[in-house]
Amino acid sequence: MFAKLLVGVPNEPLKGAVGFNAAYGTSTLTSVPADGTAATLRATSSCVHRVITTKTSPILLTFSDINPTPTKAILQSASTTVKYTSEEFGCGAIKAITGDSAASVVTLVEFQ
C-alpha cells in the first residue's frame, strides 16, 4: 500500500538538507504491532531526508538495525509528522515499536 504525502508550499521546490532540491522517492505504510515486536520500516541506502507520520499511538524509533528500547530510541508522539534529515539520522534501516499498548500504523516517505 502506498500513500502520497505533499510537503511544502505549492510551486516551491523541496529543499534537501544541504540546500539541494529533493524529489519524492518512495512512500510506505507499516503496521507496528502492540506486542512490543519491532517493525522494520522500509528504507533505502541513500536519501536527502525522510518524513515519518504516526497515527494514534506514539512510537519509539532507532535509525539502525538495533531494536528500540525506552532508553535507546527516539520517541515520536502520536498523530505527528517529523522530518529526519540524512545528515543527522542517515538513510539505513529504521526500526519502530509502539510507545504504548496499542498497535499503530506508520507512514514513511523518503525524498531522494
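A brief structural summary. For every chain, the first residue of the written sequence is number 1, and numbering continues from 1 onward in sequence order. Restriction of local features to residues with pLDDT of at least 70 applies here, the model being predicted, together with a cutoff of 80 or more for giving and counting side-chain atom pairs; totals for whole chains, interfaces and linings are based on all residues. In computing side-chain values, all of the structure's heavy atoms are included and hydrogens and water are not.

## Brief notes about the sheet that holds strand β2 (residues 39–41)
Judged by pairing direction, the sheet is antiparallel, and its four strands sit side by side in the order β2-β7-β4-β5 without closing on themselves. Strands at the two margins of the open sheet, each flanked by one partner only, are β2 and β5 (74–76). Averaged over all neighbouring strand pairs, the angle between strand axes comes to 35 degrees, with direction disregarded. Note on pairing: two strands pair once DSSP finds at least 2 bridges between them. Only DSSP runs of H or I with at least four residues qualify as helices, and only runs of E with at least two residues qualify as strands; both kinds are numbered from the N terminus onward. Here four bridges tie strand β4 (residues 59–62) to strand β7 (residues 94–98), and the two strands are oriented antiparallel to one another. Residue threonine 62 lies in a different strand from β7, and its bridge partner there is lysine 95. Whenever a helix is involved, its axis is fitted only over the stretch in contact; in every case the axis is a line through C-alpha atoms, and angles between N-to-C directions fall within 0 to 180 degrees.

## Remarks on the packing of aromatic side chains
How two aromatic rings sit relative to each other is given by the distance of their centres and the angle of their planes. Aromatic pairing here means that ring centres of Phe, Tyr or Trp (its six-membered ring) are within 6.5 Å. Orientation follows from the plane angle: under 30 degrees is stacked, over 60 is edge-to-face, and everything else is tilted. For the coordinates displayed, the defined rule picks out three aromatic pairs. Taking the centre distance of 5.0 Å and the plane angle of 50 degrees together, the rings of phenylalanine 63 and tyrosine 84 count as tilted. Placement of phenylalanine 63 in the loop between β4 and β5 and of tyrosine 84 in strand β6 (residues 81–85) is noted, with a sequence separation of 21 residues between them. Each of the two residues, phenylalanine 63 as well as tyrosine 84, counts as buried. Relative to phenylalanine 89, the ring of phenylalanine 63 lies with its centre 4.8 Å away and its plane at 40 degrees, an arrangement referred to as tilted. Remark: exposure states derive from per-residue accessible area (1.4 Å probe, protein chains only) relative to the maximum for the residue type, with buried under 20%, exposed over 50%, and partly exposed in between.

## Some words on the environment of serine 31
Here serine 31 lies in strand β1 (residues 24–32). A sequence separation of 73 residues divides serine 31 from serine 104, and the C-alpha atoms of the two residues are 5.9 Å apart. Two residues form a contact once any of their heavy atoms are found within 4.5 Å. Among residues more than four places away in sequence, those in contact with serine 31 are Ala39, Ser104 and Val105.

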